[in-house]
Amino acid sequence: MRALLLQAYRAHERDLIRFLARRLSCMTTARDLAHDLYVKLHDLEPPAELRHEKAYLFRMAANLAADHQRSTARRGALLAEVQSFLADSPERRTPEQIVAARQEVEAMRRVVEGLPELSRRIFRLNRFEGRSQREIAALLGVSQTTVENHMRKVLSRLTEARTAADSGGDGA
């Protein structure tokens, strides 16, 4: 079944890229997501009774596009929040805001320090050194899927900690 999906992917690759480009308004991102789809097909255990390979591929592509858009929106909101905080002059920040920001940074640091070594390393290479997931995979000798999975878990843990802190929990 996997071979049929890979064959269908090759037959419809251009259509998939055009479909993604229309959804995302970015040809580069569309190509990246199409490549991610191809990688997923290698790792995927397809449903036993799949009758419409093309429809299945386009549904997977649509899901990847939606995930990408959600992730981009989350990053944008976080960036806007950070920029807003940084744009405020230090004189206008209240002591409560400063303490809250320090506590949040410390909670995030504890979450990162509590992660497995490989996850911490991947996170630092990506977020602090600006390396792409592809570069990290090559550097560490792991698959890009491994890097993606570690990043997904790290970001999920950070989001959980932030949500817990926002709702009155300790965030750790």
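Here the structure is a predicted model, which means the values were calculated and not measured. (Residues numbered from 1 in each chain as written. Predicted model: local features only at pLDDT ≥ 70, side-chain atom pairs only at ≥ 80, totals over all residues. Heavy atoms only, no water.)

**Section: the overall build of the protein chain**
Right, so step 1: Along the protein chain, the regular secondary structure elements total 7 helices and 0 strands.
Right, so step 2: Mapped from its N terminus to its C terminus, the protein chain presents α and β elements in the order α-α-α-α-α-α-α.
Right, so step 3: Expected size for 172 residues packed as a compact globule is a radius of gyration near 16 Å; at 20 Å, the protein chain overshoots this value by more than 25%.
Right, so step 4: If you line up the protein chain on its principal axes, its C-alpha atoms span 60 × 35 × 30 Å.
Right, so step 5: Buried residues in the protein chain amount to 31% of all 172 residues.
Right, so step 6: A separation of at least 24 residues holds for 62% of the contacts in the protein chain among residues at least 6 apart in sequence.
Right, so step 7: Surface exposure of the protein chain reaches about 11,300 Å², of which carbon and sulfur atoms provide 53%.
Right, so step 8: When the 29 positive and 23 negative side-chain charges of the protein chain are each reduced to one mean point, those points stand 5 Å apart. (Helix = DSSP H or I, 4+ residues; strand = E, 2+ residues; numbered from the N terminus. Rg over C-alpha atoms; globule rule 2.2 N^0.38 Å. Buried < 20%, exposed > 50% of the residue type's maximum accessible area, 1.4 Å probe, protein only. Contact = heavy atoms within 4.5 Å. Areas by Shrake-Rupley, 256 points an atom, 1.4 Å probe, with all protein chains shown as cover. Lys, Arg positive; Asp, Glu negative; His and termini not counted. Charge placed at Lys NZ, Arg CZ, Asp CG, Glu CD.)

**A word on the nonpolar core**
Right, so step 1: Counting residues in hydrophobic clusters, the biggest one holds 23 residues, and the most contacted among them are Tyr9, Leu16, Leu20, Leu37, Leu41 and Leu57.
Right, so step 2: Counting residues per element, this core draws most heavily on helix H1 (residues 2-24), at 10 residues.
Right, so step 3: Apart from residues lying up to four places away in sequence, Leu16 is in contact with Tyr9, Leu37, Leu57, Phe58 and Ala61.
Right, so step 4: By size, the runner-up hydrophobic cluster in this structure holds 16 residues, among which are Val111, Phe123, Ile136 and Leu158. (Core = buried A, V, L, I, M, F, W, Y, C linked by side-chain atoms within 4.5 Å.)

**Brief notes about the environment of Ser132**
Right, so step 1: Take Ser132: it is sitting in the loop between helix H5 (117-127) and helix H6 (133-140).
Right, so step 2: Assessed through its relative accessible area of 33%, Ser132 is described here as partly exposed.
Right, so step 3: Taking C-alpha positions, Ser132 is 9.8 Å from Gln144, a pair spaced 12 residues apart along the chain.

**A few points about the pattern of salt bridges**
Right, so step 1: Enumeration over the complete set of coordinates arrives at 9 salt bridges.
Right, so step 2: For Asp15, the salt bridge identified is with Arg18, shortest N-O distance 2.4 Å. Pair noted here: Asp15 and Arg18 are both in helix H1, with a separation of 3 residues, about one helical turn.
Right, so step 3: Sharing partners across several salt bridges, the network here consists of Glu106, Arg109 and Arg110. (Salt bridge = Lys/Arg side-chain N within 4 Å of Asp/Glu carboxyl O.)

**Regarding the packing of H1 against helix H2 (residues 27-43)**
Right, so step 1: Where H1 meets H2, the axes come as close as 8 Å, and the angle between the chain directions of the two elements is 160 degrees. In terms of their interaxial angle, H1 and H2 are classed as roughly antiparallel. Of the two possible hands of crossing, H1 and H2 adopt the one that is right-handed. For the pair H1 and H2, contact is made by Arg2, Leu5, Leu6, Tyr9, Arg10, Leu16, Ile17, Leu20, Ala21 and Leu24 and by Met27, Thr29, Ala30, Arg31, Leu33, Ala34, His35, Leu37, Tyr38, Leu41 and His42, respectively. (Axes fitted to C-alpha atoms, helices over the stretch in contact; angles between N-to-C directions. Parallel < 35°, antiparallel > 145°, perpendicular 65-115°, else oblique. Left-handed = near helix turned anticlockwise from the far one by under 90°.)

**Quick look at the packing of aromatic side chains**
Right, so step 1: Following the criterion strictly, the structure yields 3 aromatic pairs and no others.
Right, so step 2: Taking the centre distance of 5.8 Å and the plane angle of 85 degrees together, the rings of Phe123 and Phe128 count as edge-to-face. (Phe/Tyr/Trp six-rings, centres within 6.5 Å; stacked < 30°, edge-to-face > 60°.)

**Structural notes on H6**
Right, so step 1: Among all positions in H6, only Ile136, Ala137 and Leu140 are buried. The buried residues of H6 all sit within an arc of 100 degrees when viewed along its axis, so they share a single face.
Right, so step 2: Trailing H6 by a residue or two, Gly141 shows a phi angle of about 70 degrees, which is positive. (Arc of directions from axis to C-beta.)

**A word on the confidence of the model for the protein chain**
Right, so step 1: Of all residues in the protein chain, 93% attain a pLDDT of 70 or more, and the chain-wide mean is 86.
Right, so step 2: Helix H3 (residues 53-87) is the least confidently modelled element of the protein chain, averaging 84 in pLDDT, while H1 averages 93, the highest of any element. (pLDDT = per-residue confidence, 0-100.)

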